[in-house]
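An overview of the molecular structure
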Amino acid sequence: MELKTPVLGTEEYAKQPLVFVNSIRRESEGDKTSQGSMAEGEENSGARFNKYKSGRLSDDNYQENDYIIYRLTEVIFNKAEAIMRKNGGSANQEAVDLINSSRKRSFAAADWEANKYTTAKLTLDELLAERGREFIFEGKRRTDLIRFGKFTTAAWWDHKPTGDPNKELFPIPQQQIAINPNLQQNPGY
């Protein structure tokens, strides 16, 4: 299906064709060079992601499926992580082979040798980074960061580390606490 009518903006680009940009800043106000931040985005800001492509049944790339919650690749990554943790945080060849079995599909044959993991390259920090790439937009990152001890201690983009372990738990909604006197609010809220 070819879209012949452009999608029009409704906010900063009201009634203008919406052109997505891969930056998150106030470009409509003339900011074309700053790093920007999550709080400064506009309606056209940020790359759009389409991991599971919709389409017609006749399209070879058709994947009109439900949101995937758990897939075989996660089982493979979990096994590799378990092997590494059992091995004091170091990768052995089995863990490397498991991760490489997934990673290989992202590289051309000519580039594979330079980009494959070895037991020296695959650390727990690198495994966390690879999980971030593999499971992007699958809702696993927060849990991974907590499990790897990085959620409250690491910095990313415009997130500053808080060092507050209470932030690893969500608050219990006040309405639920009011209904059930046995519940106590999680620390820090």
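Everything that follows concerns the structure shown earlier in this document.
The model shown is predicted, which means the values in this text are computed figures rather than measured ones.

For the rest of this paragraph, the subject is the layout of surface pockets. In this structure, the largest pocket spans a volume of roughly 320 Å³. What lines the largest pocket is Met 38, Ile 136, Phe 137, Arg 141, Arg 142, Leu 145, Phe 151, Trp 156, Trp 157 and Asp 158. Here the residues of the lining of the largest pocket are counted per class, giving 7 nonpolar, no polar and 3 charged. What the second largest pocket holds in volume is close to 190 Å³. Lining the second largest pocket are Ala 129, Arg 131, Gly 132, Arg 133, Phe 135, Ile 136, Phe 137, Glu 138, Gly 139, Lys 140, Arg 141 and Asp 144. Those elements that place two or more of their residues in the lining of the second largest pocket are helix H4 (124–134) and helix H5 (141–147). Considering every element that reaches the lining of the second largest pocket, the biggest residue donor is H4, with 4 residues. Of the residues assigned to the lining of the second largest pocket, the class counts are 4 nonpolar, 2 polar and 6 charged.

Another point: the side chain of Thr 73. Relative to the helices and strands, Thr 73 is located in helix H1 (residues 72–86). The buried category is assigned to Thr 73, whose relative accessible area is 15%. Every residue in contact with Thr 73, bar those within four places of it in the chain, is listed here: Ser 102, Glu 134 and Phe 135.

Ranked by size, the top nonpolar core spans 17 residues in total, and within it Met 84, Ala 91, Ala 95, Ile 99, Leu 122 and Leu 127 carry the most contacts. Beyond its immediate chain neighbours, meaning those up to four positions away, Ala 95 contacts Ala 80, Ile 83, Met 84 and Leu 122.

Their axes nearest at 11 Å, the elements H1 and H4 cross at an angle of 170 degrees. On the basis of the axis angle, H1 is roughly antiparallel to H4. Taken together, the residues of H4 that come into contact with H1 (itself represented by Thr 73, Glu 74, Phe 77, Asn 78, Glu 81, Met 84 and Arg 85) are Leu 124, Leu 127, Glu 130, Arg 131 and Glu 134.

A positive phi angle, near 65 degrees, is found at Lys 15, a position not held by glycine. Relative to the helices and strands, Lys 15 resides in the segment before H1. Positive phi outside glycine occurs at Phe 137, with the angle close to 65 degrees. Positionally, Phe 137 belongs in the loop between H4 and H5. A residue is classified by how much of its surface remains accessible, and Phe 137, at 52% relative accessible area, is exposed.

We now examine the packing of aromatic side chains. Counted by the stated rule, this structure contains 3 aromatic pairs. Measuring from centroid to centroid gives 5.2 Å for Phe 77 and Phe 135, while their planes differ by 75 degrees, and the two rings are edge-to-face. With Phe 77 in helix H1 and Phe 135 in the loop between H4 and H5, this pair connects stretches of sequence that are 58 residues apart. The class of Phe 135 is buried, set by a relative accessible area of 4%. Geometrically, the ring pair formed by Phe 107 and Trp 112 is tilted, given 5.9 Å between the ring centres and 45 degrees between the ring planes.

What the rule picks out here adds up to 19 salt bridges. A salt bridge links Arg 26 to Glu 12, with the nearest nitrogen and oxygen atoms 3.3 Å apart. Here the residue Arg 26 occupies a position in the segment before H1, and Glu 12 occupies one in the segment before H1, the gap between them amounting to 14 residues. Its relative accessible area of 23% is what places Arg 26 among the partly exposed residues. Glu 12 sits in the partly exposed class, given a relative accessible area of 24%. As a salt-bridge pair, Lys 79 and Glu 94 come within 3.5 Å of each other at their nearest N and O atoms. In this pair, Lys 79 sits in helix H1 while Glu 94 sits in helix H2 (residues 93–103), placing the two residues 15 residues apart along the sequence. Owing to a relative accessible area of 43%, Lys 79 belongs among the partly exposed residues under this scheme.

Here is what the cut-offs are and how they apply
- Residues numbered from 1 in each chain as written.
- Predicted model: local features only at pLDDT ≥ 70, side-chain atom pairs only at ≥ 80, totals over all residues.
- Heavy atoms only, no water.
- 1 Å grid on protein atoms, 1.4 Å probe; cavity = no way out; pocket = protein on both sides within 12 Å on 5 of 7 lines; lining within 4 Å.
- Points joined across faces, edges and corners; volume = space filled by probe spheres on them.
- Nonpolar A, V, L, I, M, F, W, Y, C, P; charged D, E, K, R; others polar.
- Helix = DSSP H or I, 4+ residues; strand = E, 2+ residues; numbered from the N terminus.
- Buried < 20%, exposed > 50% of the residue type's maximum accessible area, 1.4 Å probe, protein only.
- Contact = heavy atoms within 4.5 Å.
- Core = buried A, V, L, I, M, F, W, Y, C linked by side-chain atoms within 4.5 Å.
- Axes fitted to C-alpha atoms, helices over the stretch in contact; angles between N-to-C directions.
- Parallel < 35°, antiparallel > 145°, perpendicular 65-115°, else oblique.
- Phe/Tyr/Trp six-rings, centres within 6.5 Å; stacked < 30°, edge-to-face > 60°.
- Salt bridge = Lys/Arg side-chain N within 4 Å of Asp/Glu carboxyl O.

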